[in-house]
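# Secondary and tertiary structure notes
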Amino acid sequence: MSSNTVSAVVEKQVRRLCLNDFPCGHGSWRGTKKGPGGAGTEPADALLDLLNCPRSPWRNDGQSWSPQASGLRELAVREPKRHLHTDFINNYFTTLRIPGRNVSTIDEGLSKFSKLEELVLSVNLISEISAENLPKTLKARLRSNRLSSLSGLTSCPPPQLQYLGLGSNSLGSHKDISHLTGRHWPKLVCLDLSDCEFQDQRALVTALKSLPCLKTLMLNGNPFTLAPAYPGFTVDSLPQLACLDFSWLSSEERYLFGGLAGLSDLIEDVASVTVSLSRLRGIPDPLMAVDKKAPDFQVVTYRYFISYQFLSHQTSDNRGGDGEAKPDAASRAAEDDSICSDLQSNADDQGEVSVLQTGGPAVNTDENISETARLSQYRTSKLTWSDCMDLSHSLTHTVGSLGDLKRFFSQGLCLSLEEEKILSWPATSEDVPLVKPSLTTKGKKGQKDEQVKSASAKDKPKDKKTKCAPQLVQDPPIRTVLASAHIPMQSLVHGSQRVAVVCDFGPLPADSEVGAAHTQKASLMCRNLHPLQICC
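Residues numbered from 1 in each chain as written. Predicted model: local features only at pLDDT ≥ 70, side-chain atom pairs only at ≥ 80, totals over all residues. Heavy atoms only, no water.

### Here's the deal with the overall build of the protein
Threshold: Only runs of H or I of at least four residues qualify as helices and only runs of E of at least two qualify as strands under DSSP, and these elements are numbered from the N terminus. A simple rule labels every residue: compare its accessible area, found with a 1.4 Å probe on the protein chains alone, to the largest value its type can have, and call it buried under 20%, exposed over 50%, or partly exposed in between. Here a residue-residue contact requires only that any non-hydrogen atoms of the pair lie within 4.5 Å.
Secondary structure assignment for the protein yields 15 helices and 21 strands. For the protein, buried positions account for 43% of its 536 residues. Long-range pairs, those at least 24 residues apart, make up 70% of the contacts in the protein between residues at least 6 apart in sequence.

Right under this line is the structure:
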């Protein structure tokens, strides 16, 4: 549709200048050269005041799309007959800024702006750029947001282009890298590739070496920037670079990163992420609520822990409170079947982190992680209630799929505060079944009878002890998610090395007596360590 082309949007903006209407243009309101004319006419100076006066209704401040727009209106007042034709208007503009106008096509009408130097097409719907429709004098800026390929742009690139802004586009393939060479952009000084999908740092840097005039480079927001080799490898490989990611490079930084370019074969695009949780406090005491309907012999045990999801298709190191790697192979089913063994394991391995289960593919309504990436659910140790519970949780993930890690950071980390309630009952005679031996032969029957008699004789004194301390039978645990908190991690994508926050879960639900009587806030504190560690 013509309404979505660049030239159509520019023509609409030019019409809004009202170059043929009062006080611009040539009409009955203009005086003659010999005098001011009849009634209702105004001299040129008075008409210019109407354009520039702050309180004038004809003052138009919304001309951010081009700095030449206001000057064109003044020319329309001074010499309307000479400067109102279309060719002059097209040749007058040197800068066009058209962000967020739903432009989808760069049509051939843009080539009529023969003196255009700066073109800004940010936050639009452009998926492909035809270089034939770009003015040859373009040398300042070209930016779009929906580009998926550079093949159309490099077929006939503007020879004088000095600034190329391609940030926030779906670019990142090896074919796109092949179009970022000095053969296509011999005079390129500034290149913006921020927030794209480049994952191969070595291939991209090799292509950028051929740009002879490159001085400024923006790469933050790409997946490979999450690896520890960035920015050292890029800085040492591009000695002519003066500014990287909006920061001027100093001689100390070049000395610090010296020699990394020669170690390209040893560099791996792998990121390490450490999630640390330190303390949990503010949960009301569950024993303060007494259920009058519950039997007197009922024993209730409460335990609390924090659970979250992280990428599971990569290897990870489990670290307890002492920092030692402790892999946990117990599954969630086995954990639910044997509560006693789980309590014993928590007492022995205080601070150990275990994987509960592996979930399905990661799904998000805004942007999805790749189909091969899966999420696993992790939790801290289960702790009994106290006013301040020491979680001592530290888990390090080693992630090789940096693209999935970037999308995971963009979505953020969700923490859930869970409560586990276990009911215990005295064991009855029916709860302890007696297993009778099965006899196959007569000879074995006599031997079995003797063994049963001797065993029963030995067990008689133990029966008295059992009656004094009855065995407890535990019901399956009842788990409840008390509250959840979301931790934004977008800053990690843009160069930050840590996220340190205090998570406030807010008032706990008041569906129980404890929650209704106490509205204290549960707070979670986490500590983040280098590299790329998350602190909550």
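Having seen the structure, we can now continue with the description.
### Observations regarding the sheet that holds strand 7 (residues 247-248)
Under the convention used in this document: When DSSP locates at least two bridges between a pair of strands, those strands are taken to pair.
Sheet architecture is open: five strands sit in the order 3-4-5-6-7, paired in mixed fashion. Each of the sheet's edge strands pairs with one partner strand only, and the pair in question is strand 3 (163-165) and strand 7. Relative to strand 4 (residues 190-192), strand 3 runs parallel, the two sharing three bridges. The residue bridging Gly165 from the neighbouring strand is Asp192, located in strand 4.

### A short note on the pattern of salt bridges
Quick note on the threshold: Salt bridges are defined as contacts in which a side-chain nitrogen from Lys or Arg sits within 4 Å of a carboxyl oxygen from Asp or Glu.
Enumeration according to the criterion identifies seven salt bridges in this entry. Close ionic contact of Arg407 with Glu197 constitutes a salt bridge, the shortest N to O distance being 3.8 Å. One end of the pair, Arg407, is in helix 12 (residues 402-411); the other, Glu197, is in the loop between strand 4 and helix 7 (201-208), with 210 residues separating them in the sequence. Judged by its relative accessible area of 19%, Arg407 is buried. Across the salt bridge formed by Arg303 and Glu420, the nearest N and O atoms sit 2.3 Å from each other. Remark: Glu420 occurs in strand 15 (residues 413-426) and Arg303 occurs in strand 9 (residues 299-311); sequence separation between them is 117 residues. The same class applies to Arg303 and to Glu420, which are both buried. Residues participating in the shared-partner salt-bridge network are Glu197, Asp404, Lys406 and Arg407.

### Things to note about the packing of aromatic side chains
As a reminder, the rule being used: Pairing of aromatic rings covers Phe, Tyr and Trp, the last through its six-membered ring, and needs centres within 6.5 Å; plane angles under 30 degrees mean stacked, over 60 mean edge-to-face, and all others mean tilted.
One pass over the full model with this rule turns up seven aromatic pairs. Between Phe88 and Tyr92, the aromatic rings sit 5.7 Å apart at their centres with planes inclined by 35°, giving tilted as the arrangement. A residue pair is termed a helical-turn pair when its members lie 3 or 4 positions apart in one helix, as Phe88 and Tyr92 do in helix 5 (residues 86-92) at four residues. Judged by relative accessible area, Phe88 falls into the partly exposed class, the value being 21%. Three or more aromatic residues joined by ring pairs make a cluster, and in this case those are Trp65, Phe88, Tyr92, Phe93 and Phe113.

### What about helix 12?
Of all 10 residues making up helix 12, nine are buried, and the element is well covered by its neighbours. Along helix 12, the residues classified as buried are Leu402, Gly403, Asp404, Leu405, Lys406, Arg407, Phe408, Phe409 and Gln411. Directly beyond the C-terminal end of helix 12, a positive phi value near 95° is found at Gly412.

### Quick word on unusual backbone geometry
Cis peptide bonds are those with omega within 30 degrees of zero, and the linkage from Tyr230 to Pro231 qualifies with 10°. Its location among the elements puts Pro231 in the loop between strand 5 (216-218) and helix 8 (232-237). The phi dihedral of Asp195 is positive, around 60°, even though this residue is not glycine. Within the element layout of this structure, Asp195 appears in the loop between strand 4 and helix 7.

### Thoughts on the packing of helix 2 (residues 44-52) against helix 3 (residues 69-78)
Our working rule: Lines fitted to C-alpha atoms define the axes here, with helix axes fitted over just the stretch in contact, and angles between the N-to-C directions of these axes take values from 0 to 180 degrees. Any angle between 65 and 115 degrees counts as roughly perpendicular, while under 35 counts as roughly parallel, over 145 as roughly antiparallel, and the rest as oblique. Handedness of a helix crossing follows the sense of rotation of the near helix relative to the far helix, less than a right angle counterclockwise being left-handed and clockwise being right-handed. Following the grouping adopted for this structure description, the nonpolar residues are Ala, Val, Leu, Ile, Met, Phe, Trp, Tyr, Cys and Pro, the charged ones are Asp, Glu, Lys and Arg, and the polar ones are all others, Gly among them.
At a closest axis distance of 9 Å, the pairing of helix 2 and helix 3 adopts a crossing angle of 160°. Classified by the interaxial angle, the pair formed by helix 2 and helix 3 is roughly antiparallel. Between helix 2 and helix 3 lies a crossing whose hand is right-handed. Between helix 2, through Ala44, Leu47, Leu48, Leu51 and Asn52, and helix 3, the contact on the second element is made entirely by Arg73, Glu74, Val77 and Arg78. Split into classes, the residues belonging to the contact of helix 2 with helix 3 amount to five nonpolar, one polar and three charged.

### Describing the side chain of Ser416
Filter applied, for reference: Any pair of nitrogen or oxygen atoms within 3.5 Å is treated as a polar contact; in protein, a donor-acceptor pairing is required on top of that, and neighbouring residues in sequence qualify only through side-chain atoms on both sides.
Along the chain, Ser416 turns up in strand 15. On the basis of relative accessibility, which here comes to 15%, the residue Ser416 falls in the buried class. Within the structure, Ser416 has its side chain in polar contact with the side chain of Ser484 (distance 3.5 Å). Those residues within four positions of Ser416 in sequence are excluded, and the remaining contacts are Phe305, Ile306, Ser307, Val481, Ala483 and Ser484.

### A closer look at helix 2
Cut-off, in case you're wondering: In this description, the arc belongs to the directions extending from the helix axis to the C-beta atoms.
Residues Leu47, Leu48 and Leu51 constitute the buried set of helix 2. Looking down the long axis of helix 2, one finds its buried residues gathered within 100° of arc, a one-sided arrangement. On its buried side, helix 2 packs onto helix 3.

### Observations regarding the environment of Thr95
Of note, Thr95 is situated in strand 1 (residues 95-97). In this structure Thr95 comes out as buried when scored by relative accessible area, which is 8%. Separated by 23 residues in the primary sequence, Thr95 and Glu118 have C-alpha atoms spaced 4.6 Å apart. Once residues within four sequence positions are removed from consideration, Thr95 is found in contact with Trp65, Ser66, Pro67, Gln68, Leu116 and Glu118.

### A few points about the confidence of the model for the protein
The criterion, for reference: Along the chain, pLDDT gives the predictor's confidence residue by residue, from 0 to 100.
Taken over all residues, the pLDDT of the protein has a mean of 76, while the share at 70 or more is 70%. Between residues 462-466, whose pLDDT stays under 50, and residues either more than four places distant or in other chains, the model counts zero contacts. The low-confidence segment residues 512-535, where pLDDT is below 50, has 100 contacts with residues more than four positions distant or belonging to other chains.

### Description of a positive patch on the surface
Where we set the bar: Patch rule: a residue counts if its relative accessible area is over 30% and it has no salt bridge; like charges are joined within 9 Å, and nonpolar side chains (Val, Leu, Ile, Met, Phe, Trp, Tyr) within 5 Å. Using the Shrake-Rupley algorithm and a 1.4 Å probe, accessible areas are obtained, with residue cover drawn only from the displayed protein chains. When charges are counted, Lys and Arg are positive and Asp and Glu negative, with His and the chain ends excluded. For the purpose of locating charges, the reference atoms are NZ of Lys, CZ of Arg, CG of Asp and CD of Glu.
Together, Lys12, Arg15, Arg16 and Arg101 give the surface a local cluster of positive charge. Position of Arg15 among the secondary structure elements: in helix 1 (residues 6-15).

### Here we look at the environment of Gly109
Within the secondary structure, Gly109 sits in the loop between strand 1 and strand 2 (118-120). The class for Gly109 is buried, based on a relative accessible area of 12%.

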